[in-house]
Amino acid sequence: MAILLNHVNYIYDEDTAMAHPALIDVSLNIPDGQFIGLIGHTGSGKSTLIQHMNGLVKPTSGQVLFDGEDINEKGYDKKALRAKVGLVFQYPEHQLFETDCFKDVCFGPKNQGLPKKEAELRAYEALKQVGFDDEYFYQSPFDLSGGQKRRVAIAGVLAMRPQVLILDEPTAGLDPKGREDILGLISRLHKETGITIILVSHSMEDVADYVQRIIVMNSGRVQFDGEPRQVFAHYRELEEIGLAAPQVTYVMKELKEAGFDVDENATTLEEAKNEILRVFK
Amino acid sequence: MLRDITLGQYYRTESVIHKLDPRVKLVATFAFIVSLFLVKNFIGYVIAFLFLALCVKLSNVPPRFIFRGMKAIFFLLILTMVFNLFLTPGDPLVTVWKFKITKEGIRLAFMMGIRLVFLITGSSLMTLTTTPNNLTDGLESLLKPLKKVHVPVHEISMMMSIALRFIPILMEETDKIMKAQMARGADFESGSLMTRARSLVPLLVPLFISAFRRANDLAMAMESRCYRGGEGRTKMKPLIYQSHDYIAYIAILAYLVLIVVFGRILFV
Ligand SMILES: Nc1ncnc2c1ncn2[C@@H]1O[C@H](COP(=O)(O)OP(=O)(O)OP(=O)(O)O)[C@@H](O)[C@H]1O
Ligand SMILES: [Mg+2]
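Residues numbered from 1 in each chain as written. Chains lettered and ligands numbered in written order. Predicted model: local features only at pLDDT ≥ 70, side-chain atom pairs only at ≥ 80, totals over all residues. Heavy atoms only, no water.

Some details on the overall build of chain B
Keep this limit in mind: Segments assigned H or I by DSSP are reported as helices when at least four residues long, segments assigned E as strands when at least two residues long, and all are numbered from the N terminus. Three exposure classes are used, based on accessible area relative to the maximum for each residue type with a 1.4 Å probe and protein chains only: buried under 20%, partly exposed in between, and exposed over 50%. Here, two residues are considered to be in contact whenever any of their heavy atoms come within 4.5 Å of each other. Note on areas: Shrake-Rupley with a 1.4 Å probe; residue coverage comes only from the protein chains shown. Here Asp and Glu are counted as negative and Lys and Arg as positive; His is not counted, and neither are the chain ends. Each charge is placed at NZ for Lys, CZ for Arg, CG for Asp and CD for Glu.
Scanning chain B from N- to C-terminus turns up 10 helices and 2 strands. When the elements of chain B are put in sequence order from the N terminus, they spell out α-α-α-α-β-β-α-α-α-α-α-α. In terms of overall dimensions, chain B has a C-alpha envelope of 65 × 55 × 40 Å along the principal axes. The burial tally for chain B puts 38% of its 268 residues in the buried class. A separation of at least 24 residues holds for 75% of the contacts in chain B among residues at least 6 apart in sequence. For chain B, the exposed area adds up to about 16500 Å²; of that, 71% sits on carbon and sulfur atoms. Distance between charge centres in chain B, computed from 32 positive and 17 negative side chains, equals 4 Å.

What follows is the structure, given as structure tokens:
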């Protein structure tokens, strides 16, 4: 089920004066079951990149392979692909349209050609998975709070039972509590279902605690790609491209410089806490 | 696919045409359209073509970009030509079943086709080289005399500039919504007419909601900056004619004279 990107280039508005490259020579391997954070500054090409993965955008050059098959080949079933590679866009307002939340979540499975019963079953399951309260099921999606809209949007894609779930900035515009809720939810989804998850964000803080791998984009290129601790080790370069390592990294660095014998590779709050407790015991 | 509609889009680049006062361009476009209906003979069309080609050349807009907009009206063009071809009375040349193709019909079909293409090219060139703001400023300034007869000129031009301003935004939004729904398996391109019409609901609902929200926000933003109509309102960048604008006016006049003399009076 792996997704493979092979020297992908993409140019917006090709053959006009506004032409400019959004992706430059991107090669990536997304194996099964990984939880990945895709980080980059505004305009670095994150959204463009993920739209290649479910065939919404066709690369200007290079290939995108799913299960070893080129998805842009003639005759490839893109509709089936989009059910397997679920993509939740940044703004839930772009996809919610039905009179009530439950119907809206049914939209995806119905498009897959499932019978009504089965579609509803999946919708119910998906809404439960995202922790959506029964009492809101038959409310208009437009009356919900930002965090709840986002849950419905995620459920709308989950209901298709994708093998890969891609979320474009699912925490944008939420307060800290709402952010933590959504991130916790995504992390739980990964643990429970074992599907591949790609979480797009421009904040390291958001992803550091959860993901197994971080891909850093900068002006259309993949700048770093590796485990969080490997990526955060480049914190100076990260700062140069408008990002920063999580605060924990800085605290540990400074403790080390101040002469305490802590492991500066601690990346999550939990690890850092344990390190510090260990040293001060 | 939505990007093919170039009518009403601005093409950013440097050129003499871009620099012209919007009033000049509006007058020129109007004069050009009128001239197309004055022309009676082949020479006239050649002159119109040369004038148009010169303007396109001077504008630095790639012709490819202009012709892309033509695709949108291709159907209209063919329809006009077919109607003219078959429904013009006169000398029958060929008779196919009940339809007669007449000499006059062929002539008229050609003329109409050429007129339509020139007309669209001319007006696209104007919108491609003038920012929407400039365009409505120019229009407002040209229509000012109508205020005397209580035509709400300022309001109309404000509405126009807002509408033009929102076209690209709404197009981009449409693109995003389409993608979001396609990611959930929506299909906008196949099926019968009925299913296709129904498949537009998931696109139109979010689009309308967003348009209303934007309109609301905009009204609020304008009000909170004390907008209260055109009365006593001044411009940050008032339109002032430069020397090249006068030269352009002379060129337009010269073109019109040429058209009238060669396209209408001589060689009838
Ligand atoms: N529809 C479009 N047409 C033209 N250019 C675009 C379009 N969408 C994005 N771009 C450009 O492509 C580049 C990459 O954009 P992209 O949306 O992929 O960035 P991003 O990393 O997702 O940014 P953000 O954090 O703001 O969402 C940007 O320079 C942007 O201006
Ligand atoms: Mg983005």
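Digging into the packing of aromatic side chains
Residues and elements named next belong to chain A. To be explicit about the condition: Each pair of aromatic rings taken from Phe, Tyr and Trp, with Trp reduced to its six-membered ring, is defined by centres within 6.5 Å and is described as stacked if the planes are under 30 degrees apart, edge-to-face if over 60, and tilted in the remaining cases.
Evaluated as defined, the whole model comprises 17 aromatic pairs over all chains. With centroids separated by 6.5 Å and ring planes inclined at 65°, the aromatic side chains of Phe137 and Tyr138 adopt a geometry described as edge-to-face. For Phe137, a relative accessible area of 4% corresponds to the buried category. Relative accessible area serves as the criterion here: at 60%, Tyr138 is assigned to the exposed category. Pairwise contacts between aromatic rings join Phe102, Tyr124, Phe132, Tyr136, Phe137 and Tyr138 into one cluster.

So, the site of ligand 1
The line we're drawing: Residues are classed as near a molecule or strand on a simple rule: at least one heavy atom within 4 Å of it. Distance and chemistry together define a polar contact, namely a pair of N or O atoms within 3.5 Å, with one atom able to donate a hydrogen and the other to accept it when in protein, and with adjacent residues in sequence counting only for side-chain atoms on both sides.
Surrounding ligand 1, one finds 15 residues, the nearest of these being Gly43(A), Gly45(A), Lys46(A), Ser47(A) and Thr48(A). Residues close to ligand 1 are split across chains A and B. In this structure, Ser44(A) approaches ligand 1 through a main-chain N or O atom, which is 3.2 Å from an oxygen atom. In this structure, an oxygen atom belonging to ligand 1 sits 3.0 Å away from a main-chain N or O atom of Gly45(A).

Side note on the packing of helix α3 (residues 101-111) of chain A against helix α5 (residues 146-158) of chain A
All names here are of chain A. The cut-off we apply is this: Axis definition: a line fit to C-alpha positions, over the contact stretch in the case of helices; interaxial angles, taken between N-to-C directions, run 0 to 180 degrees. A clockwise turn of the near helix away from the far one marks a right-handed crossing, whereas an anticlockwise turn of less than a right angle marks a left-handed crossing. Under the convention adopted here, Pro, Cys and the residues Ala, Val, Leu, Ile, Met, Phe, Trp and Tyr are nonpolar, Asp, Glu, Lys and Arg are charged, and Gly plus all remaining residues are polar.
Contact geometry of α3 with α5 gives a least axis separation of 7 Å together with a crossing angle of 35°. Crossing of α3 against α5: the hand is right-handed. Facing α3, whose interface residues are Cys101, Val105 and Gly108, α5 presents Val152, Ala155 and Gly156. Here the residues of the contact of α3 with α5 are counted per class, giving 4 nonpolar, 2 polar and no charged.

Some details on the interface of chain B and chain A
For the record, the criterion: Buried surface area refers to the total accessible area, computed with a probe of radius 1.4 Å, that the two partners give up upon joining, counted for both partners together. In what follows, salt bridge is the name for a side-chain nitrogen of Lys or Arg lying within 4 Å of a carboxyl oxygen of Asp or Glu.
Chain B puts 23 residues into the contact, and the matching count from chain A is 26 residues. Across the interface of chain B and chain A, roughly 2100 Å² is buried in total on both sides, 61% from carbon and sulfur atoms. Looking at the side of chain B facing chain A, the largest losses of area belong to Lys179(B), Ala183(B) and Arg184(B), adding up to 34% of the total buried there. Across the contact surface, chain B and chain A share 1 salt bridge. Inspection of the chain B/chain A interface yields 5 residue pairs in polar contact (both at pLDDT 80 or more). At the level of elements, α4 (63-87), α7 (153-182) and α9 (201-224) of chain B are the ones that each hand at least two residues to the side of chain B that touches chain A. Per-element tally for the side of chain B that touches chain A: the top contributor is α7(B), with 7 residues. Here the residues of the side of chain B that touches chain A sort into 12 nonpolar, 2 polar and 9 charged.

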